[in-house]
Amino acid sequence: MLDIAIKRRQGSFDLDIAFQAPSQGVTALFGPSGSGKSSVINAIAGLSRPDAGHILLDGAVLFDSARRVDVPVEKRRVGYVFQDSRLFPHMSVLDNLLYGLRRVPQGERRIELEPVAKLLGIDPLLKRRPHTLSGGERQRVAVGRALLAQPRILLMDEPLASLDAARKAEILPYIERLRDELNIPIVFVSHSADEVVRLATTLVLVADGRVRATGTVAELSVRLDLDGAIGGPEAGAVLDTTVVSHDPDSRLTALRFNGGELTVPLLSLGIGQPLRVRIQARDVILALEPPSRISVHNMLEGRIIELGEATGPSRDVKIDLGGSFLLARVTQHSVERLGLAVGTPVFALVKSVAFDRVFPGPAGKHIAL
Amino acid sequence: MLTPLEIEAVSLSLWVASWSTLTVLPLAIVAALILARAEFWGKSLFDGIIHLPLVLPPVVIGYLLLITLGTRGVIGSWLLETFGIRLIFTSAGASVAAGVMSFPLMVRAIRLAIEAIDGGLEAAARTLGAGPIDRFLTITLPLTLPGILSGAVMAFAASLGEFGATITFVSNIPGETRTLPLAIYTATQTPDGDLEAARLVALSFTLSLSALILSEWLGRRVRRMMGRP
């Protein structure tokens with residue numbers, strides 16, 4: 001587990017961050033540019049020194065101002081994937097990959113070249129020079145280089161930010177595989193809601209050098225007090241589901257989540273596969289009675305537990321489905337007309353075609369969709 | 001084709017320039033590293049002193065060498081007594097004069113190369129477990145190589161042409177300190193030496209131009225080796 005609580009003054013910027021990240025999965029530091037996310041992972045790596053606080057990794061002290069401990073960067077064993085990849089231009093891809101590995105004693109090498117090269121799809125690139133690689137390839141090599149240094153934690157500073165949409169789509173599945181197939185905690189810095197929703201297991205919301213909220217993506221995605229920090233106009237509940245059945249005749253797939261079931265267009269996934277879905281608030285319709293003779297497949301029964309502040313003509317409504325939550329964006333007019341209030345039992349209607357964001361769940365293997 | 005006298009002058013020049021370049025190179029790398037990376041009180045003074053040979057009249061440098069490295073100078077007498085090394089009036093002394101004069105050129109080229117290195121690469125090497133010396137040898141030094149090479153060739157070419165400090169410090173002794181420029185000077189001072197002077201000038205011209213072309217070619221090769229097209 002990573003346990004961090006640090007303070008640092010950089011000019012007029014004041015960083016005061018504390019959170020814990022589990023030993024497994026991706027912890028995403030999410031927030032706008034300039035909120036201090038990168039400063040946090042630079043402190044974990046040791047590239048910048050906090051004024052006060054502590055950084056513990058699996059119980060080992062990396063930094064502790066009270067005990068005057070500050071382990072030098074090169075002894076910390078943190079894998080760092082920089083936004084600009086920073087491959088060594090005078091070395092081949094292979095030598096880049098082996099740079100960290102060669103500096104680890106033989107007996108401590110668990111992660112080997114071959115599986116990493118395979119996992120990241122970089123074995124055809126080994127003899128090339130960094131300047132001949134595409135942006136996406138470069139980033140994959142950088143990830144491999146960091147992994148082969150046998151890190152105790154993998155830090156990624158917006159590794160996708162400098163890539164175009166196509167390159168991003170190319171590299172995302174590889175990061176998902178890292179998350180699912182390696183036993184290394186990953187701290188991922190991002191300002192993209194899509195990336196975070198897709199990759200994160202734990203979310204740390206950062207703003208103005210402070211932690212605003214910590215939790216799972218599902219938890220934070222339905223928090224109304226974060227005024228759209230995740231997703232903004234595309235805000236919506238994230239549900240971690242599993243595939244329960246397929247109906248090839250009606251071409252539908254059923255997904256179960258904690259609190260209900262969803263029907264989506266037929267997916268080519270095995271039964272039992274975890275699947276993360278995002279249901280945008282604006283795709284959810286609320287009804288006080290179950291409507292009959294309606295084309296919508298998904299009708300989820302629940303109870304309103306929170307009403308958000310009115311933003312313009314619309315308001316977000318949080319619905320408890322009995323274990324999971326859903327957000328619905330309705331007009332202020334509808335709230336008044338239907339008398340929606342905390343405690344009102346409602347039926348949430350979700351068009352199955354609204355499942356436009358379906359991602360492999362954190363515990364699952366990569367699936368091409 | 002070449003007279004024995006010309007061969008002597010050319011080979012002496014090459015010898016002096018090679019030695020001065022090779023001995024000065026490690027010092028220049030250290031000085032360039034200090035100027036590019038270190039922050040300390042008096043850095044501009046240090047920078048100024050290193051660059052002095054570029055702006056001072058060469059004869060002044062020659063004079064300073066004479067009073068410090070001469071047999072009665074502080075360093076010169078110590079060298080003579082301890083190691084039996086005499087610099088004054090010797091080709092070794094000519095190398096020293098050429099080295100001092102070309103030092104700032106070399107430092108400048110290497111310093112620029114060091115400053116051009118993306119510091120992020122060294123930070124990346126740190127996260128991959130490389131300590132300071134390791135980083136210097138595997139990242140900084142190889143990436144500075146193009147600058148070191150071009151600096152060395154520049155210094156070599158400049159050493160081939162060093163005149164003022166050399167003649168002041170080690171005089172103009174045939175076969176010992178009479179390098180190409182000094183031979184040209186001697187020829188111009190000799191009656192009927194015009195043809196000889198012209199031949200030596202042509203030689204000097206060829207030599208310097210070859211050095212520059214070689215430097216350009218080497219630079220390109222090394223840059224390609226370093227992965228920069």
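Residues numbered from 1 in each chain as written. Chains lettered and ligands numbered in written order. Predicted model: local features only at pLDDT ≥ 70, side-chain atom pairs only at ≥ 80, totals over all residues.

Undergrad: Whenever I open this one, the overall build of chain B confuses me. Can you help?
TA: The helix and strand tally for chain B stands at 10 helices and zero strands. When the helices and strands of chain B are listed from N to C terminus, the series reads α-α-α-α-α-α-α-α-α-α. C-alpha extents for chain B along the principal axes are approximately 70 × 45 × 30 Å. Split into buried and exposed, the 229 residues of chain B put 38% on the buried side. (Helix = DSSP H or I, 4+ residues; strand = E, 2+ residues; numbered from the N terminus. Buried ≥ 20, exposed ≤ 12 C-beta atoms within 10 Å, placed from the backbone.)

Undergrad: What should I look at first to understand the environment of A:R276 in this one?
TA: Residue and element names in this part refer to chain A. Along the polypeptide, R276 turns up in strand 15 (residues 274-280). Judged by C-beta crowding, with 23 C-beta atoms within 10 Å, R276 ranks as buried. Each C-alpha atom of the pair R276 and G209 lies 29 Å from the other, and the pair is 67 residues apart in sequence.

Undergrad: So what exactly am I meant to see when it comes to unusual backbone geometry here?
TA: Note on backbone geometry: most residues besides glycine have negative phi, and most peptide bonds are trans. One non-glycine residue, A:D58, lies in positive phi territory at about 50°. With respect to the helices, strands and loops of the structure, A:D58 is situated in the loop between strand 4 (52-57) and strand 5 (60-64). A count of 11 C-beta atoms within 10 Å places A:D58 in the exposed class. Although it is not a glycine, B:S171 adopts a positive phi angle of roughly 65°. Classification of B:S171 by C-beta neighbours within 10 Å gives partly exposed; the count is 18.

Undergrad: Looking at this model, I keep getting lost on the interface of chain B and chain A. Mind explaining?
TA: Accessible area lost on assembly of the parts is the figure often given for the size of an interface. Each partner contributes to the interface: chain B provides 17 residues, whereas chain A provides 21 residues. Here the element with the most residues in the side of chain B that touches chain A is helix 6 (residues 119-127) of chain B; it accounts for six residues. Of the residues that constitute the side of chain B that touches chain A, the class distribution is 10 nonpolar, five polar and two charged. (Contact = placed C-beta atoms within 7 Å. Nonpolar A, V, L, I, M, F, W, Y, C, P; charged D, E, K, R; others polar.)

Undergrad: What should I look at first to understand the confidence of the model for chain B in this one?
TA: Low-confidence regions, as indicated by low pLDDT, have predicted coordinates that should not be scrutinised in detail. When the pLDDT values of chain B are averaged, the result is 90; 98% of them are 70 or greater. With pTM at 0.81, the complex prediction returns an ipTM value of 0.80. (pLDDT = per-residue confidence, 0-100.)

Undergrad: Sorry, what's going on with helix 7 (residues 132-160) of chain B here?
TA: Given 3.6 residues to a turn, an α-helix orients residues that are three or four positions apart in the same direction. Its 29 residues give helix 7 of chain B an end-to-end C-alpha distance of only 37 Å, which falls more than 12% under 42 Å, the value for a rise of 1.5 Å per residue. Along its length, helix 7 of chain B reaches its greatest deviation from straightness, about 50°, at B:L145, and the proline B:P146 lies no more than four positions downstream. (Expected span 1.5 Å × (residues − 1). Bend = angle between axes of the 7 residues up to and from the residue.)

Undergrad: I tried to follow the environment of A:S162 on my own but got confused; where do I start?
TA: Residue and element names in this part refer to chain A. Looking at where S162 falls in the secondary structure, it is placed in the loop between strand 8 (153-157) and helix 6 (165-181). Residues S162 and S85, 77 residues apart in the sequence, show an inter-C-alpha distance of 9.6 Å. Non-local contacts of S162, meaning those with residues more than four positions away in its chain, are made with Q83, D84 and G135.

Undergrad: Any chance you could explain the sheet that holds strand 19 (residues 325-331) of chain A here in plain terms?
TA: Backbone hydrogen bonds are what pair the strands of a sheet, in a parallel or an antiparallel way. Residue and element names in this part refer to chain A. In space, the five strands of this open sheet follow the order 16-20-17-18-19, with antiparallel pairing throughout. With partners counted over all chains shown, the strands left at the sheet margins are strand 16 (284-287) and strand 19, one partner each. When strand polarity is set aside, the average angle formed by the axes of neighbouring strands in this sheet is 45°. Of the pairings in the sheet, the one linking strand 17 (residues 298-307) to strand 20 (residues 345-350) comprises six bridges and is antiparallel in character. In the sheet register, E301 faces strand 20, and the bridge partner there is F347. (Pairing = 2+ DSSP bridges. Axes fitted to C-alpha atoms, helices over the stretch in contact; angles between N-to-C directions.)

Undergrad: What is the right way to read the packing of helix 4 (residues 113-120) of chain A against helix 5 (residues 135-148) of chain A from this model?
TA: All names here are of chain A. Contact geometry of helix 4 with helix 5 gives a least axis separation of 10 Å together with a crossing angle of 150°. It follows that helix 4 is roughly antiparallel to helix 5 by the angle criterion. The hand of the helix 4/helix 5 crossing is right-handed. For the pair formed by helix 4 and helix 5, the contact residues are L113, V116, A117 and L120 on the first element and R140, V143, G144, L147 and L148 on the second. For the contact of helix 4 with helix 5, the class distribution of residues is seven nonpolar, one polar and one charged. (Parallel < 35°, antiparallel > 145°, perpendicular 65-115°, else oblique. Left-handed = near helix turned anticlockwise from the far one by under 90°.)

Undergrad: What exactly am I supposed to notice about the confidence of the model for chain A here?
TA: Residues and elements named next belong to chain A. Of the residues in chain A, 93% have a pLDDT of 70 or more, and the chain-wide mean is 86. Across chain A, helix 3 (residues 93-101) holds the top mean pLDDT of 95, while strand 21 (residues 358-360) sits lowest at 51. Every residue in residues 361-369 is under pLDDT 50, and counting partners more than four places away or in other chains gives 21 contacts.

Undergrad: So what exactly am I meant to see when it comes to the pairing of strand 8 of chain A here?
TA: A regular strand places its side chains so that they alternate between the two faces of the sheet. All names here are of chain A. Where burial is concerned, most of strand 8 is hidden: five out of the five residues are buried. Neither face of strand 8 is open: one carries I153, L155 and D157, the other L154 and M156, and all of them are buried. As paired elements, strand 7 (residues 78-81) and strand 8 share four bridges and run parallel to each other. Its bridge partner being in strand 8, G79 is matched across the sheet by L154. Here strand 8 runs beside strand 9 (residues 186-190); their pairing, made up of four bridges, is parallel. Note on strand 9: the bridge partner recorded for D157 is V189. Where the polypeptide runs from strand 8 across helix 6 and back to strand 9, its parallel neighbour, the crossover connection is right-handed. (Right-handed = clockwise from strand over helix to strand, strands pointing away.)

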